Amino acid sequence: MFLSAVSLFAQSPTSANLALTPPMGWNTWNKFACNVSETLIKQAADAMVKSGMKDAGYQYIVIDDCWQVRRDSLGDIVADPQRFPGGIKAVADYVHSLGLKFGIYSDAGLKTCAGRPGGLGHEYQDALKYAEWGVDYLKYDWCNTTTQDTKASYANMRAALDASGRPIVLSICEWGNHQPWLWGKEMGGNLWRSTGDIQDRWEGKKEWNPGNCCSYGVVDIADAEADLYSYAGPGHWNDPDMLEVGNGGMTDTEYRSHFSLWAILAAPLMAGNDLGNMRPEIRDILTNKEVIAIDQDPLGRQGRRAWKDGDREVWSKELKDGSRAVILFNRGSAEQSVTANREAIGYPASLSAAVRDLWQHKDLGKFTGKFSATVPSHGVVMVTVRP
Ligand code: GLA
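In every chain, residue numbers begin from 1 and rise along the written sequence. Confidence filtering applies because this is a predicted model: local features only for residues at pLDDT of at least 70, side-chain atom pairs given and counted only at 80 or more, and all residues used for totals across whole chains, interfaces and linings. Hydrogens are left out, water is left out, and the side-chain values use all remaining heavy atoms of the structure.

**Student:** In this structure, what is going on with the overall build of the chain? I would like to understand it.
**Tutor:** Helix and strand counts for the chain stand at eleven helices and 18 strands. For 387 residues, the compact-globule estimate of 2.2 N^0.38 gives 21 Å, and the chain sits close to it at 21 Å. Oriented by its inertia axes, the alpha-carbon framework of the chain measures out at about 70 × 45 × 45 Å. Only protein chains enter the accessibility calculation, which uses a 1.4 Å probe; a residue is then buried when its area is under 20% of its type maximum, exposed when over 50%, and partly exposed in between. Burial statistics for the chain: of 387 residues in total, 56% are counted as buried. Pairs of residues are marked as contacts when any of their non-hydrogen atoms sit within 4.5 Å. For the chain, long-range pairs separated by at least 24 residues make up 67% of all intrachain contacts whose partners lie at least 6 apart in sequence. In short, Shrake-Rupley with a 1.4 Å probe defines the accessible areas, and a residue's cover is counted only from the protein chains shown. Carbon and sulfur atoms provide 49% of the accessible area of the chain, an area that totals close to 15300 Å². With 40 positive and 47 negative side-chain charges, the chain shows a separation of 4 Å between the mean positions of the two kinds. Where helices and strands are cited, they refer to DSSP runs of H or I of at least four residues and of E of at least two residues respectively, numbered from the N terminus. Atoms counted for the radius of gyration: C-alpha only. Globule rule: 2.2 Å times the number of residues to the power 0.38. Under the counting rule used here, the positive set is Lys and Arg, the negative set is Asp and Glu, and His together with the chain ends is not counted. The location of each charge is read from NZ of Lys, CZ of Arg, CG of Asp or CD of Glu.

Below is the structure:
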């Protein structure tokens, strides 16, 4: 019974062809946490257009936790009337009027992670409401769940979204606890978180409070994703969590590495900073169209770590035109030279290939056998290698 429901809905026309490249957008959580409102969302949508992010490919404006306060006597979910005086549909309409798409957050359990009403037992009712409001993307969290089965819970929400008749991207957020890369696609998920939450730091996992593990830095998450490449593809992506670029806890060099690694991982690119108050350096990172093109390459391959020696690494991603995107990555504390040998990235040593630097926006010429560059501490050199 359960299996037939899954296959029925996972193939349904409403959810087919969603997220054929990794979703790009902005989400409230990393910067604003529970401080969400109609004003904030409208300002973010305006800033997404004005900053050039929409032109660079960002689409979804997503309200994360804390927009909801209770259920009414019919069981319908109610948005915070102080923070969203016009209701959620008015916000969605505004976002759509700018040519953007609109996303929202809920939870498969009794309550969200911030203690707001969850979706358990109300999946079809909520999906209808989301469709009525014009929701295009649902992030579905895993806090305060009961003994419920993980796969069945997400399959059920997918079925509910499909039954609403509106195509809605399903973002599975159970932090990699039940290896969602093994089943997320079959359950109709378009992306699934592979780790606990990111925080705005370079490295190191930290307990939220004693005994309650953990948030992670950029390189911890990149390490956790490095071997998951075979599970990603058009319509179904590993999600290393949202971007911290621009939130102040890392250097611009580290933010460039964060963005480059996410692009080579074919990660969803959900910005998480204050879009209305970006330094030009941050805007230039988030809108680097050459790096975004690597993330959005239509072949949909997730890149992998191709070579490692101590704190020097080479990451490589196959592109549709047969070329490679390559990151020379220096995790060490001093500048050093990193070399990408041809064989490491899947080419014969004799091959001559054109190398282009995606951060300097510069053709570097033709190289045979290998390509080397000096890479700053915690930095990357990101190139395409085109035979
Ligand atoms: C969890 C998720 C985060 C965010 C918060 C909201 O921690 O992993 O991304 O959605 O809940 O409470």
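Moving on from the model shown.
**Student:** Just to check I follow, could you spell out the layout of surface pockets for this structure?
**Tutor:** Left-over empty space is what a probe sized like a water molecule reveals as it rolls over the atoms. Only protein atoms enter the calculation, which uses a 1 Å grid: trapped sets of points that fit a 1.4 Å probe without letting it out are cavities, open sets showing protein on both sides within 12 Å along at least five of seven lines are pockets, and any residue with an atom within 4 Å of a point is a lining residue. Grid points are joined across faces, edges and corners, and a volume is the space filled by probe spheres set on the points. By volume, the largest pocket is sized at about 520 Å³. Surrounding the largest pocket, 29 residues form its lining, Trp29, Trp175, Arg193, Asp197 and Trp208 being those nearest its centre. Put simply, the parts of the chain that give the lining of the largest pocket at least two residues each are α2 (29-32) and β6 (137-141). Among the elements that take part in the lining of the largest pocket, α2 stands out by supplying three residues, more than any other. Polar here means any residue outside two lists: the nonpolar Ala, Val, Leu, Ile, Met, Phe, Trp, Tyr, Cys and Pro, and the charged Asp, Glu, Lys and Arg; Gly therefore counts as polar. Tallied by class, residues from the lining of the largest pocket come to 14 nonpolar, five polar and ten charged.

**Student:** Quick question: what am I supposed to make of the sheet that holds strand β2 (residues 60-62) here?
**Tutor:** The strands making up a sheet associate through hydrogen bonds between their backbones, and the pairing can be parallel or antiparallel. For two strands to be treated as a pair, DSSP must find no fewer than two bridges joining them. Sheet architecture is open: eight strands sit in the order β9-β8-β7-β6-β5-β2-β1-β10, paired in parallel fashion. Each end of this open sheet is capped by a strand with a single partner; those strands are β9 (237-239) and β10 (269-271). Averaged over neighbouring strand pairs, the angle between their axes works out to 25 degrees when direction is ignored. Pairing analysis gives two bridges linking strand β7 (residues 169-172) to strand β8 (residues 191-193), with the strands arranged parallel. Here the axes come from fitting lines to C-alpha atoms, over the contacting stretch only for helices, and the angles between their N-to-C directions go from 0 to 180 degrees.

**Student:** Is there a simple way to explain the packing of aromatic side chains in this structure?
**Tutor:** Any aromatic ring pair is given by two values, namely how distant the centres are and how the planes are angled relative to each other. Stacked, tilted and edge-to-face pairs are distinguished by plane angle, under 30 degrees for stacked and over 60 for edge-to-face with tilted covering the rest, among Phe, Tyr and Trp rings (Trp via its six-membered ring) whose centres lie within 6.5 Å. Tallied over the full model, the rule gives nine aromatic pairs. Aromatic side chains tyrosine 60 and tyrosine 137 sit 5.1 Å apart centroid to centroid with 45 degrees between the ring planes, which places their arrangement in the tilted category. Residue tyrosine 60 is located in strand β2, and its partner tyrosine 137 is located in strand β6; the two are separated by 77 residues in the primary sequence. As far as burial versus exposure is concerned, tyrosine 60 and tyrosine 137 are alike and both buried. Linked through ring pairs, Tyr140, Trp142, Tyr154 and Trp183 together constitute an aromatic cluster. We count a charge as sitting over a ring when the NZ of a lysine or the CZ of an arginine lies within 6 Å of the ring centre and within 35 degrees of the ring normal. Seen from the ring of tyrosine 229, arginine 304 lies directly overhead, with NZ or CZ sitting 4.0 Å from the centre.

**Student:** Sorry, what's going on with the sheet that holds strand β16 (residues 362-368) here?
**Tutor:** On the basis of which strands lie adjacent, the open sheet formed by six strands has the order β11-β12-β13-β18-β15-β16 and antiparallel pairing. At either end of the open sheet lies a strand with only one pairing partner, and these are β11 (304-309) and β16. Taking each pair of neighbouring strands and ignoring which way they run, the sheet shows an average axis angle of 25 degrees. Relative to strand β18 (residues 379-386), strand β13 (residues 324-330) runs antiparallel, the two sharing seven bridges. Each residue of the ladder has a partner; that of valine 326, found in β18, is valine 383. Contacts from helix α9 (residues 252-264) reach β12 (312-318), β13 and β18 within the one sheet, and its direction differs from that of β18 by about 40 degrees.

**Student:** For this particular structure, what's the right way to read unusual backbone geometry?
**Tutor:** Apart from glycine, the bulk of residues carry a negative phi angle, and the bulk of peptide bonds sit in the trans form. With omega at -10 degrees, the peptide bond leading from cysteine 213 into cysteine 214 counts as cis. With respect to the helices and strands, cysteine 214 occurs in the loop between β8 and α8 (218-225). For asparagine 144, which is not glycine, the phi torsion reads 50 degrees and is therefore positive. For asparagine 144, the position within the fold is in the loop between β6 and α7 (150-163). By relative accessible area, asparagine 144 is classed as partly exposed at 41%. Of note in the backbone geometry, histidine 361 takes a positive phi value of approximately 55 degrees without being a glycine. Take histidine 361: it is sitting in the loop between β15 (352-357) and β16.

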